[in-house]
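Examining the three-dimensional arrangement
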Amino acid sequence: MTLPLVVGVDGSDASLLAVDWAVDAAARGDLPLRLVYASLWERYDAAVPSFERERPSERVLAEHIVASAAERAARRAPEVKVTTDIVPAEPVDALLREGHNACAVVTGDRGRGELKGLLLGSVGLGVAARAHCPVIVVRGDEAGMVGMHERILFGAGDTATIGRAVHFAFREAEARGCVLDAVRAWRWSAQEGTDHPARERERRAAAQLDEVLREAVAEHPGVPVRRATVEGPASRILVTRSAAADLVIIGARRRHGHFGLQLGRVGHTLLYHAHCPVAVVPQLA
């Protein structure tokens, strides 16, 4: 059974852009699409007797949101199988549960009830930092969201966090038929003396990048890969390079029994500032 691509919808412009992105991804991967509206009101309403014949306005709104999103998806890619659901839970909790039976979860960068001035909504951050499946937060400029660059950016960070991420990146590049830019950042301080330590650190970073990519390159020989080792903070390097990418992919460690946010500085920075959609792929520890 093929797991669906789950999209959190709430009627906001950001969630509609997420639906568009997810429909395109589902069509490329021949995946079913599941549109989920999470309504905590639904839970409370079920516990209160109702003597009104008309359905409550919140229920009508929820049904309208999922129906509109499904209609939008059908117009964009009629071949994609779409299902919908209204879940009685907080949005983050609902999408985290949905993620246990999804190939990935997709969200917008802010929700219907959140201020437009916010750089990232609480739902996108909460799901990306806790889910056990890949999470894509759809954000950035139009060129990146519609895939005009034909380039995937992979941040090859801590080797303990990127095992699943590297394979996800290659599969995505293969499905799109595009280039994969694999980047590893390294740091050097002038206080270390001569330039010999810098050359050694760069050489070591290049060797580590080759090692990270070796297995995936063998499994996906048709994917063109461009390797780069760059001196500087990884977060700044990836944000800058995301301006020429259609998706930036990073790994994140998930520790069993840890219930807080598990994302790291690079992930936080990308979710707030990347110029294209961001995929966070968890590595279970």
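Residues numbered from 1 in each chain as written. Predicted model: local features only at pLDDT ≥ 70, side-chain atom pairs only at ≥ 80, totals over all residues. Heavy atoms only, no water.

Observations regarding the overall build of the protein chain
Inclusion rule: Secondary structure is summarised from DSSP: a helix means a run of H or I of at least four residues, a strand means a run of E of at least two, and numbering begins at the N terminus for each. Working definition: with a 1.4 Å probe on protein chains only, accessible area under 20% of the residue-type maximum means buried, over 50% means exposed, and in between means partly exposed. The contact definition used throughout considers only heavy atoms, calling two residues in contact when any of these lie within 4.5 Å. We get accessible surface area from the Shrake-Rupley algorithm with a probe of 1.4 Å; when it comes to residues, only the shown protein chains can shield them.
Within the protein chain, the secondary structure is distributed over 10 helices and 10 strands. Each of the 285 residues in the protein chain was classed as buried or not, and the buried ones make up 46%. Across the protein chain, contacts joining residues at least 24 apart in sequence account for 80% of those joining residues at least 6 apart. Accessible surface, the protein chain as shown: approximately 14400 Å² in total, 52% of it carbon and sulfur.

Some words on the environment of Asp181
The cut-off we apply is this: What qualifies as a polar contact is a pair of N or O atoms within 3.5 Å, subject to a donor-acceptor requirement within protein and to the restriction that residues adjacent in sequence count only when both atoms come from side chains.
Inspection of the secondary structure assignment puts Asp181 in strand S7 (residues 179-186). Using a relative accessible area of 10% as the deciding quantity, one classes Asp181 as buried. A C-alpha to C-alpha distance of 7.0 Å links Asp181 and Arg151, two positions 30 residues apart in sequence. At 3.1 Å, the side chain of Asp181 and the side chain of Arg151 are in polar contact.

Some words on the pattern of salt bridges
Going by this rule: The term salt bridge refers to a side-chain nitrogen of Lys or Arg lying within 4 Å of a carboxyl oxygen of Asp or Glu.
Under the defined criterion, the tally for this structure stands at 15 salt bridges. Put simply, Arg187 and Glu231 hold a salt bridge, and the shortest N to O gap is 3.7 Å. With Arg187 in the loop between S7 and helix H8 (196-219) and Glu231 in strand S8 (residues 225-231), this pair connects stretches of sequence that are 44 residues apart. With relative accessibility at 34%, the residue Glu231 sits in the partly exposed group. Within the structure, one salt-bridge network assembled from shared partners comprises Asp20, Asp24, Arg72 and Arg76.

Comments concerning the nonpolar core
To keep it simple, the criterion reads: Residues enter a nonpolar core if they are buried and are Ala, Val, Leu, Ile, Met, Phe, Trp, Tyr or Cys, with the set joined through side-chain atoms within 4.5 Å.
Val7, Val9, Leu33, Val106, Ile136, Phe154 and Ile249 are the most contacted members of the largest nonpolar core, which has 48 residues in total. In this structure, Ile136 is in contact with Trp21, Ala104, Val105, Val106, Thr107, Phe168, Leu247, Pro277, Val278 and Ala279, ignoring residues within four places of it in sequence.

Regarding the sheet that holds strand S1 (residues 5-8)
Rule in force here: Each pair of strands is called paired provided DSSP finds at least two bridges between the two strands. A fitted line through C-alpha atoms represents every axis, and for helices the fit uses only the stretch in contact; the resulting angles, taken between N-to-C directions, go from 0 to 180 degrees.
Here we have 10 strands laid out as an open sheet, ordered S3-S2-S1-S4-S5-S10-S9-S6-S7-S8, and mixed in their pairing. Each having just a single partner strand, strand S3 (82-87) and S8 make up the two edges of the open sheet. Each neighbouring strand pair of the sheet contributes to a mean axis angle of 25°, computed without reference to strand direction. Here seven bridges tie strand S9 (residues 247-254) to strand S10 (residues 278-284), and the two strands are oriented parallel to one another. Bridge pairing in S10 links Ala252 to Pro282. Sitting on the sheet, helix H3 (residues 57-76) touches strand S2 (33-38) and S3, and the angle it makes with S3 is about 160°. Of the strands in this sheet, strand S5 (135-138), S9 and S10 touch helix H10 (residues 265-273), which is tilted by about 145° from S9.

Let's talk about helix H4 (residues 91-98)
Turn by turn, an α-helix covers 3.6 residues, leaving residues three or four places apart pointing in a common direction. All buried positions along H4 are accounted for by Val92, Ala94, Leu95, Leu96 and Glu98. The elements touched by buried residues of H4 are S1, S2, S3, strand S4 (104-108) and helix H5 (122-128).

Here's the deal with the packing of helix H9 (residues 234-241) against H10
What counts, and what does not: Throughout this description, any angle smaller than 35 degrees is read as roughly parallel, any larger than 145 degrees as roughly antiparallel, any in the 65 to 115 degree range as roughly perpendicular, and the remainder as oblique. For any helix crossing, the convention is left-handed if the near helix is rotated counterclockwise from the far helix by under a right angle, and right-handed if that rotation is clockwise.
At a minimum axis distance of 9 Å, the contact between H9 and H10 shows a crossing angle of 30°. Considering their axes alone, H9 and H10 lie roughly parallel with respect to each other. H10 is crossed by H9, and the crossing has right-handed handedness. Where H9 approaches H10, its residues Ala234, Ser235, Leu238 and Val239 are matched on the opposing element by Val266, Thr269, Leu270 and His273.

Focus on the confidence of the model for the protein chain
Selection rule: Looking at any residue, its pLDDT shows the predictor's confidence there, from 0 to 100.
The predicted model of the protein chain averages 87 in pLDDT, with 85% of residues at 70 or higher. A low-confidence stretch, residues 43-51 (pLDDT under 50), is modelled with three contacts involving residues beyond four sequence positions or located in other chains. Across residues 114-120, confidence stays below pLDDT 50; counting only partners more than four residues off in sequence or on other chains, it has 17 contacts.

Side note on the layout of surface pockets
For clarity, the threshold we go by: As defined here, a cavity is a set of points on a 1 Å grid over the protein atoms alone where a 1.4 Å probe fits but cannot get out. A pocket is an open set with protein on both sides within 12 Å along at least five of seven lines, and residues line them when an atom is within 4 Å of a point. Grid points are joined across faces, edges and corners, and a volume is the space filled by probe spheres set on the points. Polarity classes work like this: nonpolar for Ala, Val, Leu, Ile, Met, Phe, Trp, Tyr, Cys and Pro, charged for Asp, Glu, Lys and Arg, and polar for all others, with Gly in that last group.
Of the pockets and cavities examined, the largest pocket occupies roughly 530 Å³. The wall of the largest pocket is formed by 29 residues, among which Gly157, Asp158, Thr161, Ala234 and Val266 lie closest to the centre. Of all the secondary structure elements, the ones that give two or more residues to the lining of the largest pocket are S7, H8, H9, S9 and H10. Considered class by class, the residues forming the lining of the largest pocket number 13 nonpolar, eight polar and eight charged.

Some words on the environment of Ala198
Examined against the element boundaries, Ala198 turns out to sit in helix H8. Distance in space between the C-alpha atoms of Ala198 and Glu231 is 8.9 Å, their sequence separation being 33 residues. Apart from the residues within four sequence positions on either side, Ala198 is in contact with Trp186 and Trp188.

Some remarks on the pairing of S10
S10 sits mainly inside the fold: five of its seven residues count as buried. Bridge count for S5 against S10 is three bridges, and the pairing is antiparallel. Its bridge partner being in S10, Val135 is matched across the sheet by Val280.

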